[in-house]
Amino acid sequence: MRRGNAPEGYSRAGVWAGESGQMLDFLARRFPRVDVAVWRARIARGEVLDAQGRPVRCDTRVEGLSHVFYRRTPEQEAPIPFEAQVLYQDAHLVVADKPHFLPTAPGGQYVEQTLLTRLQRQLRLPRLAPLHRLDKDTAGLVLLSPEPAGRDAWHTLFRSRTLRKLYEAVAPWRAELELPRTHASRMEEGGARFFTMHEVPGAPNSQTHIEMAARSGAWALYRLRPVTGKKHQLRLHMAALGAPIRHDAFYPEINDPPPGDYSRPLQLLARELAFTDPVSGRERVFVSQQRLQWPPD
């Protein structure tokens, strides 16, 4: 984390010139609508950091500090009743197996009920950050970095496209769809809603290799290998081929379930990640323990 840049899920509070005293008193003065007991609990959980990203204490002096970071917390946030599993952890990498419905990182209405926030607390790693993201509705593998130092080496895996990703999806079987195939298109934001994507004419900026693994009546189990990593790429590509992923609430049309309805998980799973570890040089393969509804009911 560079000095002054807030970690994922945190906000920045500047320390005014002339401020003095202990951290707990400073926070109580700066945020009078937040009960002192709330700040005391946040500090105890390691959720208030100094400019270097180090947890502070209630009696930390604020003299000389330029700012502090504190975790954003909405007033009300409905709990998401599904838990992630940590498949691997070392000093440089955490591999988590995310369930459906759980956002990867804070954003919008989700702060506490996210994979990142939960793991930061569970593993006591306040500077943990995701190296990539999965949609809230997609289950499977997520790589996270415990420390800022050396994080760029992991990002290079994605930029160089040397990280090999395998997804599974349940979607309609189409006899006329020639498989295996590679679907390439130009994707841009601004579809039916601001957060959706759509295909437009022009040079392709997205590419997915698609093959069928099994068939059960009107449904098929597909293996998807994205070459690029555009937002909603797999969901949009399957819909564009006339085989939208089962229970997709966005593609080909918006069909949002009501809040708290977990009966129709998107049938998309980040099944496998394989790569050469940029720190150790070892070949690594991780496989999700999550399962799709296959064969469909």
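Model, not experiment: these values are computed from the prediction. (Residues numbered from 1 in each chain as written. Predicted model: local features only at pLDDT ≥ 70, side-chain atom pairs only at ≥ 80, totals over all residues. Heavy atoms only, no water.)

**Topic: helix α1 (residues 23–30)**
No. 1: What α1 keeps buried is the set Met 23, Leu 24, Phe 26 and Leu 27. Buried positions in α1, seen along its axis, are confined to an arc of 160° and lie on one side of it.
No. 2: The elements touched by buried residues of α1 are β1 (10–14), α2 (36–44), β2 (48–49) and β3 (67–71). (Buried < 20%, exposed > 50% of the residue type's maximum accessible area, 1.4 Å probe, protein only. Helix = DSSP H or I, 4+ residues; strand = E, 2+ residues; numbered from the N terminus. Arc of directions from axis to C-beta. Contact = heavy atoms within 4.5 Å.)

**Overview of the nonpolar core**
No. 1: Ranked by internal contacts, the top residues of the largest apolar core, which has 31 residues, are Leu 144, Tyr 222, Leu 224, Met 238 and Leu 268.
No. 2: Contributions of two or more residues to this core are made by β5 (94–98), α3 (115–122), β7 (139–145), β8 (164–172), β12 (219–226), α5 (233–240) and β13 (268–276).
No. 3: Excluding anything up to four places from it in sequence, Leu 268 contacts His 100, Thr 138, Ala 139, Tyr 167, Glu 168, Ala 169, Leu 224, Leu 234, Arg 235, Ile 245 and Leu 292.
No. 4: Of all hydrophobic cores here, the second largest spans 14 residues; its members include Val 15, Met 23, Trp 39 and Val 68. (Core = buried A, V, L, I, M, F, W, Y, C linked by side-chain atoms within 4.5 Å.)

**Comments concerning the domain arrangement of the protein chain**
No. 1: Under the domain assignment, the protein chain is made up of domain 1 (10–71) and domain 2 (85–287).
No. 2: The distance between the C-alpha centroids of domain 1 and domain 2 comes to 36 Å.
No. 3: Interface area for domain 1 against domain 2, summed over the two sides, is near 550 Å², with a carbon-plus-sulfur share of 47%.
No. 4: Linking domain 1 with domain 2 are 1 salt bridge, by the criterion used here. (Domains from an automatic or database assignment. Buried area = accessible area lost by both parts, 1.4 Å probe. Salt bridge = Lys/Arg side-chain N within 4 Å of Asp/Glu carboxyl O.)

**Focus: the packing of α1 against α2**
No. 1: At their nearest, the axes of α1 and α2 sit 10 Å apart, and the two run at 135° to each other. Considered as vectors, α1 and α2 are oriented oblique to each other. Along this stretch, α1 crosses α2, giving a crossing that reads as right-handed. Touching Met 23, Leu 24, Leu 27 and Ala 28 of α1 are Val 36, Trp 39, Arg 40 and Ile 43, all from α2. (Axes fitted to C-alpha atoms, helices over the stretch in contact; angles between N-to-C directions. Parallel < 35°, antiparallel > 145°, perpendicular 65-115°, else oblique. Left-handed = near helix turned anticlockwise from the far one by under 90°.)

**Observations regarding α3**
No. 1: Burial runs high along α3: 6 of the 8 residues are buried.
No. 2: Among all positions of α3, only Leu 115, Leu 116, Thr 117, Arg 118, Leu 119 and Gln 120 are buried.
No. 3: Those residues of α3 hidden inside the fold are in contact with β1, β3, β4 (85–89), β5, β6 (129–130) and β7.

**Some remarks on the pattern of salt bridges**
No. 1: Evaluation of the coordinates by the stated rule reveals 21 salt bridges.
No. 2: Its salt-bridge partner being Glu 283, residue Arg 164 comes within 3.6 Å of it at the nearest N-O pair. Highlighted residues: Arg 164 in strand β8 and Glu 283 in strand β14 (residues 283–287), separated in sequence by 119 residues.
No. 3: Exposure remark for Arg 164: the relative accessible area of 45% places this residue in the partly exposed category.
No. 4: Each of Arg 45, Glu 47, Arg 71, Glu 112 and Arg 121 takes part in salt bridges that share partners, so that together they form one network.

**Things to note about the packing of aromatic side chains**
No. 1: For the structure on display, the rule yields 8 aromatic pairs.
No. 2: Plain terms: the ring middles of Trp 39 and Tyr 70 are 5.8 Å apart, the flat faces sit at 80° to each other, and that makes the pair edge-to-face. Pair noted here: Trp 39 is in helix α2 and Tyr 70 is in strand β3, with a separation of 31 residues, a long-range link. Each of the two residues, Trp 39 as well as Tyr 70, counts as buried.
No. 3: A ring pair is formed by Phe 101 and Tyr 262, whose centres lie 5.0 Å apart and whose planes are at 70°; its orientation type is edge-to-face. With Phe 101 in the loop between β5 and α3 and Tyr 262 in the loop between α5 and β13, this residue pair connects regions lying 161 residues apart in the sequence.
No. 4: Overall, the relative accessible area of 11% leaves Phe 101 in the buried class.
No. 5: Through successive ring pairs, a cluster of aromatic residues spans Tyr 88, Trp 154, Phe 275 and Phe 286. (Phe/Tyr/Trp six-rings, centres within 6.5 Å; stacked < 30°, edge-to-face > 60°.)

**Observations concerning the sheet that holds β3**
No. 1: Ordered in space as β1-β3-β2, the 3 strands form an open sheet in which the pairing is antiparallel. Edge strands, defined here as strands with exactly one partner in the open sheet, are β1 and β2.
No. 2: In this structure, β2 lies alongside β3, joined through 2 bridges in antiparallel fashion. For Leu 49, the partnering residue across the bridge sits in β3 and is Phe 69. (Pairing = 2+ DSSP bridges.)

**Focus on the side chain of Thr 104**
No. 1: With respect to the helices and strands, Thr 104 occurs in the loop between β5 and α3.
No. 2: Engagement of the side chain of Thr 104 in a polar contact is seen with the backbone oxygen of Leu 134, the distance being 2.9 Å.
No. 3: Contact partners of Thr 104, with chain neighbours within four places excluded, come to Lys 98, Thr 114, Leu 115, Leu 116, Pro 130, His 132, Arg 133, Leu 134 and Val 142. (Polar contact = N/O pair within 3.5 Å; in protein donor to acceptor, adjacent residues only side chain to side chain.)

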